[in-house]
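Each chain, letter by letter, is given below.
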Amino acid sequence: SLVSRKTEWGIQGVAWVQVSTAWLQALLMVGAAVRKGLLGAAPLRLALGAMLGGGGLATAKEYISAASLLLLRTGAFQLAMTALSARAGRLGPSYAAAHKVGRQASSWISTAVDSLANAAQILIAARIATDQSAARAVANRTLVLGGLAGCVLGIGLWLGRRRFISMFSHDPDV
């Protein structure tokens, strides 16, 4: 990275720059939200009231239950990625670089495939209240399409791995 090439900081310097940049971005976003009036007691109270829709505690429990599964999934994913990043870092710079390339590829692919998941969520939500068998059929078709998309992407990446990796790094060790 630019920091490790232009300074004497090395890998630790790069890590500190990454952390500092993430915190700065977060603080700037919070500041913008406060300035626009999106954060504070009144907007949160209004959003909570709209979310609950007068349903009270029972409705809140439904939202919390659904969100807890997503939180658990996201937490498990982040924990796994943190452990993998730590392991790659301990193995050496070329492993860490290869891991970074893999994470970038994973991020790009997940963004592409998420469009299918988002469309399926909308279609299933529209049908689940009226016709559960139609919703199940949409879910099954989406699973098949997702599996096919995953196989095509996986085979494509495997076949083009040398060219794909060269887009990120010219180092043969990566």
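Residues numbered from 1 in each chain as written. Predicted model: local features only at pLDDT ≥ 70, side-chain atom pairs only at ≥ 80, totals over all residues. Heavy atoms only, no water.

1. Thoughts on the overall build of the protein chain
Then step 1. The number of helices and strands found in the protein chain is 7 helices and 0 strands.
Then step 2. Listing every helix and strand of the protein chain by position from the N terminus yields α-α-α-α-α-α-α.
Then step 3. Counting over 174 residues, the protein chain shows a buried share of 12%.
Then step 4. Here the contacts in the protein chain between residues at least 6 apart in sequence split such that 28% fall between residues at least 24 apart.
Then step 5. Just so you have it, the protein chain exposes about 13900 Å², and 67% of that area is on carbon and sulfur atoms. (Helix = DSSP H or I, 4+ residues; strand = E, 2+ residues; numbered from the N terminus. Buried < 20%, exposed > 50% of the residue type's maximum accessible area, 1.4 Å probe, protein only. Contact = heavy atoms within 4.5 Å. Areas by Shrake-Rupley, 256 points an atom, 1.4 Å probe, with all protein chains shown as cover.)

2. Section: the confidence of the model for the protein chain
Then step 1. For the protein chain, the mean per-residue pLDDT works out to 76, and 72% of the residues sit at or above 70.
Then step 2. Within the protein chain, helix α1 (residues 2-6) has the poorest average pLDDT of any element, 51, and helix α6 (residues 132-159) the best, 86. (pLDDT = per-residue confidence, 0-100.)

3. Some remarks on helix α5 (residues 93-128)
Then step 1. The terminal C-alpha atoms of α5, which comprises 36 residues, lie 49 Å apart, in line with the 52 Å expected from a rise of 1.5 Å per residue.
Then step 2. The axis of α5 is deflected most strongly, by about 30°, at Val113.
Then step 3. Residues of α5 that are buried include every one of His99, Val101, Ala105, Ile109 and Ala120, and no others. (Expected span 1.5 Å × (residues − 1). Bend = angle between axes of the 7 residues up to and from the residue.)

4. Side note on the side chain of Thr142
Then step 1. The residue Thr142 is located in helix α6 in this model.
Then step 2. Here Thr142 falls in the buried class, since its relative accessible area comes to 19%.
Then step 3. There is a polar contact of 2.7 Å between the side chain of Thr142 and the backbone oxygen of Val138.
Then step 4. Those residues within four positions of Thr142 in sequence are excluded, and the remaining contacts are Leu116 and Ala120. (Polar contact = N/O pair within 3.5 Å; in protein donor to acceptor, adjacent residues only side chain to side chain.)

5. Side note on a nonpolar patch on the surface
Then step 1. A contiguous nonpolar surface patch, about 530 Å² in accessible area, is contributed by Trp16, Val19, Trp23 and Leu27.
Then step 2. Positionally, Leu27 belongs in helix α2 (residues 10-35).
Then step 3. We classify Leu27 as exposed; its relative accessible area is 56%. (Patch = residues over 30% accessible without salt bridge, like charges linked within 9 Å, V, L, I, M, F, W, Y side chains within 5 Å. Salt bridge = Lys/Arg side-chain N within 4 Å of Asp/Glu carboxyl O.)

6. A look at α6
Then step 1. End to end, α6 covers 40 Å across 28 residues, agreeing with the expected 40 Å (1.5 Å per residue, within 8%).
Then step 2. What α6 keeps buried is the set Ala135, Val138 and Thr142.
Then step 3. Where the residues of α6 are buried, they touch α5.

7. Section: the side chain of His99
Then step 1. Residue position: His99 is located in helix α5.
Then step 2. For His99, a relative accessible area of 18% translates into the label buried.
Then step 3. Setting aside chain neighbours within four positions, we find His99 in contact with Met81, Leu84, Ser85 and Ala88.

8. A closer look at the environment of Ala86
Then step 1. Position of Ala86 relative to the elements: it lies in helix α4 (residues 56-91).
Then step 2. Sequence-wise, Ala86 and Ala96 are 10 residues apart; in three dimensions their C-alpha atoms are separated by 8.6 Å.

9. A few points about the packing of α5 against α6
Then step 1. Contact pair α5 / α6: the axes reach a minimum separation of 9 Å and the direction vectors enclose 175°. When the interaxial angle is binned, α5 and α6 end up roughly antiparallel. Contact residues: Ile109, Val113, Leu116, Ala120, Leu123, Ile124, Arg127 and Ile128 in α5; Gln132, Ala134, Ala135, Val138, Ala139, Thr142, Leu145, Gly146, Leu153 and Leu157 in α6. (Axes fitted to C-alpha atoms, helices over the stretch in contact; angles between N-to-C directions. Parallel < 35°, antiparallel > 145°, perpendicular 65-115°, else oblique.)

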